[in-house]
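Single-letter residue listing:
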Amino acid sequence: LVKNNRTVRIAIVSVVTLVVLIGFAVQVKNAENCRKQTFTKAVEAETTEIDNFFRVHPNEYVKTISRYDALLAELGKPCHSGLKMSVQAKRDAICRARDKNIELIMKNLRDEVRPLIEDRQYGKAASVVLDYDGDLAQETLVERTRMADMFTEQGSLYSKSRHPEP
């Protein structure tokens, strides 16, 4: 009987210990879920803030993209892959919109200087392209400089063909 009592006590202590450990594990898991929900809400709030910023400043592509990049850097852990994909999709959409806008700006500049090129006013065409200071001026600078250099070269070739060296 004494041996059975001891075995029963050990079994009871084991069961109580197991229940306490399970309770602790549940609390830890609940705390992790709470932290994850809080983090998710913070990410969603930041995403909404970035979206609102871009709505108010529709040509602020660089700032908007850099804010998304900063948010993506915080989502480096694999457990945030769903959030990361959502934020990445929004960032990609902004990049596509920027690229489309750049293409449109460059097309409009080409259309604007076409009459100057037809009149062989290459220097004026280069100036128009280089002096552009509208939306995405910084983002189009390299391409505009390349275009202006091409016009300058065309002007030089045209000038040489009209006034050949003796």
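As a reminder, the structure under discussion sits directly above these lines.
Residues numbered from 1 in each chain as written. Predicted model: local features only at pLDDT ≥ 70, side-chain atom pairs only at ≥ 80, totals over all residues. Heavy atoms only, no water.

> Help me get a handle on the overall build of the protein chain, residues and values and all.
Of regular secondary structure, the protein chain possesses five helices and zero strands. Seen in sequence order, the protein chain has helices and strands lined up from the N terminus as α-α-α-α-α. Across the 166 residues that make up the protein chain, the buried fraction comes to 22%. Partitioning the intrachain contacts of the protein chain with sequence separation of at least 6 by distance along the chain shows that 53% fall at a separation of at least 24. Split by element, the accessible area of the protein chain, about 12,000 Å² in all, is 58% carbon and sulfur. (Helix = DSSP H or I, 4+ residues; strand = E, 2+ residues; numbered from the N terminus. Buried < 20%, exposed > 50% of the residue type's maximum accessible area, 1.4 Å probe, protein only. Contact = heavy atoms within 4.5 Å. Areas by Shrake-Rupley, 256 points an atom, 1.4 Å probe, with all protein chains shown as cover.)

> Could you give an account of a nonpolar patch on the surface, with specific residues and numbers?
Residues Val-8, Ile-12, Val-16 and Val-20 make up a contiguous nonpolar surface patch of about 350 Å² in total accessible area. One can find Ile-12 in helix α1 (residues 2-56). (Patch = residues over 30% accessible without salt bridge, like charges linked within 9 Å, V, L, I, M, F, W, Y side chains within 5 Å. Salt bridge = Lys/Arg side-chain N within 4 Å of Asp/Glu carboxyl O.)

> Hey, could you go over helix α5 (residues 141-162) for me, with residue numbers and the actual values?
The terminal C-alpha atoms of α5 lie 31 Å apart, and with 22 residues this matches the ideal 32 Å at 1.5 Å per residue to within 8%. Those residues of α5 that fall on the buried side of the exposure criterion are Arg-144, Met-147, Ala-148, Phe-151 and Gly-155. Angular distribution of buried residues about the axis of α5 spans 100°; they occupy a single face of the element. For α5, exposure combined with an orientation more than 90 degrees from the buried face picks out Val-142, Arg-146, Leu-157, Lys-160 and Ser-161. Check the buried side of α5 and you find it contacts α3 (81-118) and α4 (122-130). (Expected span 1.5 Å × (residues − 1). Arc of directions from axis to C-beta.)

> How would you summarise unusual backbone geometry if you had to cite specific residues and measurements?
The backbone of Arg-120 sits at a positive phi, close to 60°, despite the residue not being glycine. On the basis of relative accessible area, Arg-120 is assigned to the partly exposed category, the value being 43%. Non-glycine residue Leu-136 carries a positive phi angle of around 60°. On the secondary structure map, Leu-136 appears in the loop between α4 and α5. On the basis of relative accessible area, Leu-136 is assigned to the buried category, the value being 5%.

> Which residues make up the pattern of salt bridges, and what are the values?
In this structure the tally under the stated criterion is six salt bridges. The salt bridge involving Asp-99 is made with Arg-98; its shortest N-O contact spans 3.0 Å. On the basis of relative accessibility, which here comes to 34%, the residue Asp-99 falls in the partly exposed class. Bridged by salt links that share partners, the residues Lys-107, Asp-111 and Arg-114 form one connected network.

> I'd like a rundown of the side chain of Thr-47, residues and numbers included.
Among the secondary structure elements, Thr-47 is positioned in helix α1. The class of Thr-47 is buried, set by a relative accessible area of 8%. In this structure Thr-47 touches Tyr-68, Leu-71, Val-87 and Lys-90, once residues within four positions along its chain are discounted.

> Mind laying out the packing of α4 against α5, listing which residues take part and the relevant values?
Working note: a packed helix pair is described by the angle between its axes plus the distance between those axes. Where α4 contacts α5, the axes come no closer than 8 Å and their chain directions differ by 170°. Classified by the angle their axes make, α4 and α5 are roughly antiparallel. Where α4 abuts α5, its residues Tyr-122, Ala-125, Ala-126, Val-129 and Leu-130 lie against Arg-144, Thr-145, Met-147, Ala-148, Phe-151, Thr-152, Gln-154, Gly-155 and Tyr-158. Of the residues assigned to the contact of α4 with α5, the class counts are nine nonpolar, four polar and one charged. (Axes fitted to C-alpha atoms, helices over the stretch in contact; angles between N-to-C directions. Parallel < 35°, antiparallel > 145°, perpendicular 65-115°, else oblique. Nonpolar A, V, L, I, M, F, W, Y, C, P; charged D, E, K, R; others polar.)

> Outline the packing of aromatic side chains, supporting the account with residue identities and numerical values.
All chains considered together, the criterion is met by two aromatic pairs. Arg-67 extends its terminal NZ or CZ atom over the ring of Phe-53, reaching a point 5.3 Å from the ring centre. (Phe/Tyr/Trp six-rings, centres within 6.5 Å; stacked < 30°, edge-to-face > 60°. Lys NZ or Arg CZ within 6 Å of the ring centre and 35° of its normal.)

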